[in-house]
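Notes for the structure review
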Amino acid sequence: MSGIIQVKNVSKSYWRDSIETSVLHDISLDIKEGEFTALMGPSGSGKTTLLNLISGIDKPSKGEIIINGADISKLSESALAKWRSTNIGFVFQFYNLIPVLTAFENVELPILLTKLSKAERKQHVETALNIVGLNDRMDHYPKQLSGGQEQRVAIARAIVTDPVILVADEPTGDLDKHSADEILLLMERLNKEFNKTIVMVTHDPHAASKAHVIRHLEKGDLIQETV
Ligand SMILES: Nc1ncnc2c1ncn2[C@@H]1O[C@H](COP(=O)(O)OP(=O)(O)OP(=O)(O)O)[C@@H](O)[C@H]1O
Ligand SMILES: [Mg+2]
């Protein structure tokens with residue numbers, strides 16, 4: 001059975017002043033529904049670039065990205081943005097919360113422009129904050145939260161639309177060990193209990209050990225798969 005994420009012969013180059021920088025070379029991979037994948041590799045090896053292609057933030061120079069049977073590399077920018085908003089949840093290293101919004105308002109952002117009523121939105125936000133264990137911090141602003149708590153708010157924001165796929169770019173990279181472990185536990189729970197397909201970039205072998213599959217990038221090539 002083919003995977004929920006299929007990367008087929010994908011290459012990516014960036015152009016500047018007519019000079020081509022080739023960042024990913026003919027990458028193919030297949031990620032099954034419900035799989036937890038860790039993406040490792042040295043700085044500059046192309047991990048974020050690959051994550052951005054899988055999540056439809058960027059488009060490949062060559063090849064296809066098939067998600068849930070649909071070739072997202074063929075979508076227009078606006079169709080892609082719409083697709084992204086319902087299918088993908090994003091978690092970043094530095095949380096990317098809006099400082100002037102409370103935890104509740106940050107989590108509400110992705111569903112603000114949907115057809116949901118205010119009461120329905122409230123219910124979704126509370127459910128998401130409940131899952132990450134932060135319903136007692138709803139009215140706190142990001143600066144009133146610890147790094148680990150900020151990342152949990154960011155995860156609540158990522159799951160509030162109930163996406164099938166979660167992508168995380170070094171989600172524990174800025175956290176102490178204790179907070180990092182809490183985040184990893186949460187990722188495992190989202191994978192097992194809520195059946196989220198997860199692609200997580202990490203430098204940390206301990207974080208990667210939580211995944212089912214570890215894939216390694218080296219200078220734009222996929223070099224080895226550890227299962
Ligand atoms: N928009 C861009 N324009 C030009 N080059 C880029 C662009 N984005 C990334 N690159 C180049 O692509 C290569 C891979 O970058 P990428 O951010 O994917 O690496 P990474 O594996 O995520 O590294 P890190 O571990 O440091 O986050 C780098 O050499 C980088 O300079
Ligand atoms: Mg990166």
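Look up a bit, the structure's there.
This write-up is about the structure you can find in this document. (Residues numbered from 1 in each chain as written. Chains lettered and ligands numbered in written order. Predicted model: local features only at pLDDT ≥ 70, side-chain atom pairs only at ≥ 80, totals over all residues.)

Moving on, we come to the environment of I27. The residue I27 is located in strand β2 (residues 19-31) in this model. Residues I27 and A79 lie 52 residues apart in sequence; the distance between their C-alpha atoms is 24 Å. (Helix = DSSP H or I, 4+ residues; strand = E, 2+ residues; numbered from the N terminus.)

Take the sheet that holds strand β5 (residues 70-71) next. Taken in spatial order, the four strands make up an open sheet running β2-β1-β4-β5, and their pairing is antiparallel. Each edge of the open sheet carries a strand with a single partner, namely β2 and β5. Packing against the sheet, helix α1 (residues 47-54) makes contact with β1 (5-16), β2 and β4 (62-67), and its axis sits at approximately 120 degrees to β1. (Pairing = 2+ DSSP bridges. Contact = placed C-beta atoms within 7 Å. Axes fitted to C-alpha atoms, helices over the stretch in contact; angles between N-to-C directions.)

On to the pairing of β4, then. As paired elements, β1 and β4 share five bridges and run antiparallel to each other. Of the residues in β4, the one forming a bridge with S11 is K62. Where β4 meets β5, two bridges bridge the pair, whose relative direction is antiparallel. From the neighbouring strand, I66 faces β5, where its bridge partner is D71. A loop of two residues connects β4 with β5, the two strands running antiparallel in sequence, and N68 in this loop sits at a positive phi of about 55 degrees.

Near ligand 1, the surroundings consist of Y14, T21, V23, G41, S43, G44, S45, G46, K47, T48 and T49. At the level of secondary structure, the elements contributing two or more residues to the shell around ligand 1 comprise β2 and α1. With three residues, the single largest contributor to the shell around ligand 1 is α1. Residues belonging to the shell around ligand 1 are distributed by class as follows: two nonpolar, eight polar and one charged. (Near = placed C-beta within 6 Å. Nonpolar A, V, L, I, M, F, W, Y, C, P; charged D, E, K, R; others polar.)

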